[in-house]
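Okay, here's what each chain looks like letter by letter:
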Amino acid sequence: MKLIVTDLENFNLPVSGEHKIIKPDSRLCRCVGCFNCWFKTPGKCVIADGFDDIGALWGKCDEVYYVCRCVYGSLSPFAKNIQDRGLAYVHPDFVIRGGEMHHRRRYDNVIKCSVLFYGETTEGERQTARKLMQAAMDNYDGTVERIEFFDSVEDMEGISL
Amino acid sequence: MTVALINASPKLSHSSSWALIKNTVGFFPNKTNVKMLDMHTNTVSENTVSELLAADAWVLFFPLYVDALPSHVLRCLMQLEERARGKTLKVYAVINCGFYEGEQTEVAFEIVENFCIRAGLEFCGGVGVGGGGMLSTTPVLEDMKHNKTAIIHELKRLAKSVVRGRNHGVKFKSVSIPRIMYKVGAEALWRINAVKYGNKLSDLGKRY
């Protein structure tokens, strides 16, 4: 399955195959760092706002797309909020990968992650964004498929996911 | 001078960021006006904005979330970007991560630096702290100093840099125990907490 996380209310890029789109929603709460998704209700967030199953959703995906504004070289706050709430995707235990400590897998799927950033960016922000997505996918033991930058939402016309 | 120590943990209490602030505040000389400010939610209150804009330096304390800033910190920085523009402000950060290696905070420092460039503020580095899981789990922080020696010493040097208005550079430190001990200790703690909530140990790996 493809998961598309976008901060665009009017997201209208064509998407093929089985997919789910997560768009801005006023019910969304931020991750409060309680770690209850690891030891109280393992695999599921305890915040009942309709976004408590992001970790499980990641576990069913083979492709994840972020379509969002680039903010200081990061995902936009909404997309980052969704990513933060998906902490339960990983197991709390640690493994050493590439000489660094990371989390053990909870699920077997290997996620291919792509990001379509829109908005004006500096070269420094673009470099940071590339490093960030590689680091994030190293952490999730997935791969970075594609990272693209567009000056505006309109410039994404013709792209399909 | 006025220094704002900003607790940007999403947790209201018992956070590693708070533990680090408590260990830093005493390193500032008495003549320094140190303000402890909170940034726990998606917006910065008008009172806090005023205090921040009146300061000479900010030291942001927050946890690493998936190699970057927690979403609420991003939102707060976006709110502050316009308001802080044109101010003569130096920005430092102390970023803690649950992994052993403080180096894993490197990209988050870049994000803070990119914010500073956008807002026209001076990015002055800080400390990336590994082993964050150990920092808030002891009731008496002072008793933990032997386990956090390298971190404590770097926080002392950071306070000195802030007071002198110097660029500290980005330094990485970790708790002063071997990585394997940190791993074993953290994983034991997860199991104790899981059992406390009535889970079986095998539930830690539950799939949906």
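Cut-offs applied
Residues numbered from 1 in each chain as written. Chains lettered and ligands numbered in written order. Predicted model: local features only at pLDDT ≥ 70, side-chain atom pairs only at ≥ 80, totals over all residues. Heavy atoms only, no water. Pairing = 2+ DSSP bridges. Helix = DSSP H or I, 4+ residues; strand = E, 2+ residues; numbered from the N terminus. Right-handed = clockwise from strand over helix to strand, strands pointing away. Axes fitted to C-alpha atoms, helices over the stretch in contact; angles between N-to-C directions. Parallel < 35°, antiparallel > 145°, perpendicular 65-115°, else oblique. Left-handed = near helix turned anticlockwise from the far one by under 90°. Contact = heavy atoms within 4.5 Å. Buried < 20%, exposed > 50% of the residue type's maximum accessible area, 1.4 Å probe, protein only. Phe/Tyr/Trp six-rings, centres within 6.5 Å; stacked < 30°, edge-to-face > 60°. 1 Å grid on protein atoms, 1.4 Å probe; cavity = no way out; pocket = protein on both sides within 12 Å on 5 of 7 lines; lining within 4 Å. Points joined across faces, edges and corners; volume = space filled by probe spheres on them. Nonpolar A, V, L, I, M, F, W, Y, C, P; charged D, E, K, R; others polar. Patch = residues over 30% accessible without salt bridge, like charges linked within 9 Å, V, L, I, M, F, W, Y side chains within 5 Å. Areas by Shrake-Rupley, 256 points an atom, 1.4 Å probe, with all protein chains shown as cover. Salt bridge = Lys/Arg side-chain N within 4 Å of Asp/Glu carboxyl O. Polar contact = N/O pair within 3.5 Å; in protein donor to acceptor, adjacent residues only side chain to side chain. Lys, Arg positive; Asp, Glu negative; His and termini not counted. Charge placed at Lys NZ, Arg CZ, Asp CG, Glu CD.

## With respect to the pairing of strand β2 (residues 33-38) of chain B
Residue and element names in this part refer to chain B.
Turning to step 1, where the next piece is worked out: Here six bridges tie strand β1 (residues 2-7) to β2, and the two strands are oriented parallel to one another. Opposite Ile6, over in β2, you have Leu37 as the bridge partner.
Turning to step 2, where the next piece is worked out: Between the parallel pair β1 and β2, the chain is carried across by helix α1 (residues 16-25), and the sense of this crossover is right-handed.

## What about the packing of helix α3 (residues 71-84) of chain B against helix α4 (residues 106-119) of chain B?
Two packed helices can be described by the angle between their axes and the distance between those axes.
Residue and element names in this part refer to chain B.
Turning to step 1, where the next piece is worked out: Viewed as axis vectors pointing N to C, α3 and α4 meet at an angle of 25 degrees, and their least axial separation amounts to 9 Å. Between α3 and α4, the angle is such that the two are roughly parallel. The element α3 and its partner α4 pack so that their crossing is right-handed. In this structure, α3 contributes Leu74, Leu77, Glu81 and Ala84 to the contact, and α4 contributes Ile111, Phe115, Arg118 and Ala119.

## Considering the pairing of strand β3 (residues 63-69) of chain A
All names here are of chain A.
Turning to step 1, where the next piece is worked out: With six of its seven residues buried, β3 lies for the most part within the structure.
Turning to step 2, where the next piece is worked out: Here strand β1 (residues 2-6) runs beside β3; their pairing, made up of five bridges, is parallel. Within β3, the position partnered with Lys2 by the bridge is Glu63.

## Considerations on the packing of aromatic side chains
Turning to step 1, where the next piece is worked out: For the structure shown, the criterion picks out 16 aromatic pairs over all chains.
Turning to step 2, where the next piece is worked out: For the pair A:Phe35 and B:Trp190, a centre-to-centre distance of 5.7 Å together with 65 degrees between the ring planes defines the contact as edge-to-face. Residue A:Phe35 is found in the loop between β2 (19-22) and α1 (36-39), and its partner B:Trp190 is found in helix α6 (residues 179-196); the two belong to separate chains.
Turning to step 3, where the next piece is worked out: Look at B:Trp190 and you get buried, because its relative accessible area is 10%.
Turning to step 4, where the next piece is worked out: Ring pairing ties together the aromatic residues A:Phe35, A:Trp38, A:Phe39, B:Trp190 and B:Tyr197, which thus form one cluster.

## Let's talk about the layout of surface pockets
Turning to step 1, where the next piece is worked out: Put simply, the largest pocket is a space of about 1,100 Å³.
Turning to step 2, where the next piece is worked out: The wall of the largest pocket is formed by 47 residues, among which A:Phe35, A:Trp38, B:Lys11, B:Gly133 and B:Trp190 lie closest to the centre.
Turning to step 3, where the next piece is worked out: Put simply, the parts of the chain that give the lining of the largest pocket at least two residues each are α1 and β4 (90-97) of chain A together with α1 and α6 of chain B.
Turning to step 4, where the next piece is worked out: Grouping the constituent residues of the lining of the largest pocket by class yields 25 nonpolar, 18 polar and four charged.

## A look at the sheet that holds β1(A)
Residue and element names in this part refer to chain A.
Turning to step 1, where the next piece is worked out: Spatially, the five strands line up as an open sheet ordered β2-β1-β3-β6-β7, and their pairing is parallel. Single-partner strands in this sheet number two, and they are β2 and β7 (143-150). Within this sheet the neighbouring strands show an average axis-to-axis angle of 15 degrees, counted without direction.
Turning to step 2, where the next piece is worked out: Pairing of strand β6 (residues 112-118) with β7, which is carried by seven bridges, proceeds in the parallel orientation. Bridging across to β7, Ser114 finds its partner in Arg146.
Turning to step 3, where the next piece is worked out: Contacting β1, β2 and β3, helix α3 (residues 77-85) crosses the sheet at an angle of about 135 degrees to β1.
Turning to step 4, where the next piece is worked out: Where helix α4 (residues 123-139) meets the sheet, its contacts fall on β3, β6 and β7, and the angle it forms with β7 comes to roughly 155 degrees.

## Describing a nonpolar patch on the surface
Turning to step 1, where the next piece is worked out: Where nonpolar side chains cluster on the molecular surface, the patch consists of B:Ile180, B:Met181 and B:Val184 and spans about 310 Å² of accessible area.
Turning to step 2, where the next piece is worked out: Here B:Met181 is to be found in helix α6.

## Section: the interface of chain B and chain A
Turning to step 1, where the next piece is worked out: In this assembly, 46 residues from chain B lie in contact with 52 residues from chain A.
Turning to step 2, where the next piece is worked out: The tally of links between chain B and chain A comes to five salt bridges.
Turning to step 3, where the next piece is worked out: At the boundary of chain B and chain A, one finds 29 residue pairs in polar contact (both at pLDDT 80 or more).
Turning to step 4, where the next piece is worked out: Every element with two or more residues in the side of chain B that touches chain A is listed here: α3, α4 and α6 of chain B.
Turning to step 5, where the next piece is worked out: The element contributing the most residues to the side of chain B that touches chain A is α6(B), with nine residues.
Turning to step 6, where the next piece is worked out: Across the side of chain B that touches chain A, the residue classes tally to 21 nonpolar, eleven polar and 14 charged.

## So, a positive patch on the surface
All names here are of chain B.
Turning to step 1, where the next piece is worked out: Where like charges cluster on the molecular surface, the positive patch consists of Lys156, Lys160, Arg164, Arg166 and Lys171.
Turning to step 2, where the next piece is worked out: The element contributing the most residues to the positive patch is helix α5 (residues 149-164), with three residues.
Turning to step 3, where the next piece is worked out: Looking at the secondary structure, you find Lys160 in helix α5.
Turning to step 4, where the next piece is worked out: Note on Lys160: relative accessible area 46%, which makes it partly exposed.

By themselves, these figures tell us nothing about what the structure is for.
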